[in-house]
Amino acid sequence: MKLPRTTLILILLALGLGGFVYFYEIQGATQREEIKEKQQRIFSFTSDDVQSLAVKTQKLTVNLERNSQSDNSKWLLKSPVSEPANDAIVSYLMDLLVQGKSDRTLSIPANQLGEFGLDRPQATINIILKNQKTHQLLLGKPDFNRRFVYARADSAPQPNGNINVLLVSTDFENAVNRDLSEWKQPVENQATPLPSTLPLPTPTNSK
């Protein structure tokens, strides 16, 4: 049976509309979500890209460097002491830097940074990648209900002179405001050095 031309056109239009809805609503939604997620991420590097970290708070500055010479500790404290670092503590901070997202971004005049605690940040995190590129994250004060912390990441002034201020997780505060002892590798995780010489067996008198 030959379909009328009008019916055939309507069928083709319906098929075309169905395809458009599929690609826009399903595949397009996935792509839009991926783009949105990338835009919300604070940084785009991975943990393996990072060579060293410097964490400066109001009471302490620690410098950390990736350890490629031993399986005992992935990170080394370089200052204020030189010894293995607490990998769990460093990994916690690293996960925040790599996976952390900004809830919102505010565009403010540079002379208002003090209102967000970013003129004298509570913490400064300097990151050096293996390719020698650098990144920086400044942590200001919490917002009014302490759900987020104001932050500034690699933010050069915009053409209008404004600065981008991010709202990031308060987990960043917990990750950096630590005593030096917490940055050190726990004693129980340190390898016990082997003696340079083994003791000789005690001779026994044979009867």
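Coordinates for the structure precede this section.
Parameters and conventions
- Residues numbered from 1 in each chain as written.
- Predicted model: local features only at pLDDT ≥ 70, side-chain atom pairs only at ≥ 80, totals over all residues.
- Heavy atoms only, no water.
- Helix = DSSP H or I, 4+ residues; strand = E, 2+ residues; numbered from the N terminus.
- Buried < 20%, exposed > 50% of the residue type's maximum accessible area, 1.4 Å probe, protein only.
- Contact = heavy atoms within 4.5 Å.
- Areas by Shrake-Rupley, 256 points an atom, 1.4 Å probe, with all protein chains shown as cover.
- Pairing = 2+ DSSP bridges.

For the chain, the count of helices and strands is 4 helices and 9 strands. Start at the N end of the chain and walk to the C end: the helices and strands fall as α-β-β-β-β-α-β-β-β-β-β-α-α. Sorting the 207 residues of the chain into buried and exposed places 33% on the buried side. Put simply, 57% of the contacts in the chain that link residues at least 6 apart link residues at least 24 apart. In the structure as shown, the chain presents an accessible area of about 14,100 Å², 53% of it carried by carbon and sulfur atoms.

Let us now look at the sheet that holds strand β2 (residues 61–66). Spatially, β4-β3-β2-β1-β6-β7-β8-β9-β5 is the arrangement adopted by the 9 strands of the open sheet, whose pairing is antiparallel. Edge positions in the open sheet fall to β4 (83–84) and β5 (105–109), since each of these has one partner strand only. Bridging between strand β3 (residues 75–79) and β4 involves 2 bridges; their strand directions are antiparallel. Along β4, the bridge assignment pairs L76 with P84.

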